[in-house]
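Listed below are the residues making up each chain.
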Amino acid sequence: MNRRLSLVAALVFVCLGTASATSSAGKPLIRLGDAPMSPGLAADLQKLPAVTPYGAFVHFSSGTPEQHRALLDDHGLVVTADFESTARAVFAVGTVGDIRNLTREPSIQYLEE
C-alpha cells in the first residue's frame with residue numbers, strides 16, 4: 001500500500017509541476033533574460049518557435065563596436081545595419097532562439113523589433 005501511495009504522490013507532483021510550467025493558453029512559458037525590450041519583441045519571443053528567422057535592433061550599454069560584433073556572432077546573429085556611429089546600436093538577424101539568448105547579456109541596453 002505504501003508503494004502505491006508513493007507512486008500516486010509522485011504522479012501528482014509531476015502533474016502539478018507540468019501545470020505550473022505552462023501559461024494560461026496551455027503553452028510552455030519561455031524564460032527571457034533581464035534585457036529591457038519593446039512589448040512587440042517580448043510577445044514575439046514568447047510565442048514564436050525558436051527556429052523562426054528574426055531581426056531586431058540591439059542597443060548596447062557598454063563595450064566597443066568590435067566587442068558588440070563578437071557578442072552577436074557568439075549568439076549566431078549577423079549585423080545587417082550599423083548605427084554605432086550615432087546610437088551604439090545595430091540591426092541584427094538570426095533566429096528567435098538567438099535573440100532569446102541575447103536577452104541574458106548584461107551589455108544589452110534595449111532590444112526592439
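Residues numbered from 1 in each chain as written. Predicted model: local features only at pLDDT ≥ 70, side-chain atom pairs only at ≥ 80, totals over all residues. Heavy atoms only, no water.

1. Here we look at the sheet that holds strand β3 (residues 89–95)
Right, so step 1: What the four strands build is an open sheet, ordered β2-β3-β1-β4; its pairing is antiparallel. At either margin of the open sheet sits one strand with a lone partner, and together these are β2 (78–82) and β4 (108–112). Going across the sheet, the axis of each strand differs from the next one's by a mean of 30 degrees, ignoring polarity.
Right, so step 2: With respect to the sheet, helix α3 (residues 65–74) is in contact with β1 (53–60), β2, β3 and β4, its orientation differing from that of β1 by roughly 150 degrees. (Pairing = 2+ DSSP bridges. Helix = DSSP H or I, 4+ residues; strand = E, 2+ residues; numbered from the N terminus. Axes fitted to C-alpha atoms, helices over the stretch in contact; angles between N-to-C directions. Contact = heavy atoms within 4.5 Å.)

2. Some thoughts on the side chain of Glu84
Right, so step 1: Secondary-structure assignment places Glu84 in helix α4 (residues 84–87).
Right, so step 2: When its relative accessible area of 14% is taken as the criterion, Glu84 is described as buried.
Right, so step 3: Within polar-contact distance, the side chain of Glu84 engages the side chain of His68 at 2.7 Å.
Right, so step 4: Among residues more than four places away in sequence, those in contact with Glu84 are Phe60, Pro65, His68, Arg69, Ala89 and Val90. (Buried < 20%, exposed > 50% of the residue type's maximum accessible area, 1.4 Å probe, protein only. Polar contact = N/O pair within 3.5 Å; in protein donor to acceptor, adjacent residues only side chain to side chain.)

3. Quick look at unusual backbone geometry
Right, so step 1: Despite not being glycine, Arg88 has its phi angle at roughly 45 degrees, a positive value.
Right, so step 2: By secondary structure assignment, the location of Arg88 is in the loop between α4 and β3.
Right, so step 3: Looking at Arg88, the relative accessible area reads 34%, which means it is partly exposed.

4. Section: the environment of Gly40
Right, so step 1: Note on placement: Gly40 falls in helix α2 (residues 39–47).
Right, so step 2: Distance from Gly40 to Glu113, taken between C-alpha atoms, is 6.7 Å for residues 73 residues apart in sequence.

From the geometry alone we can't say anything about function, so treat these as descriptive.
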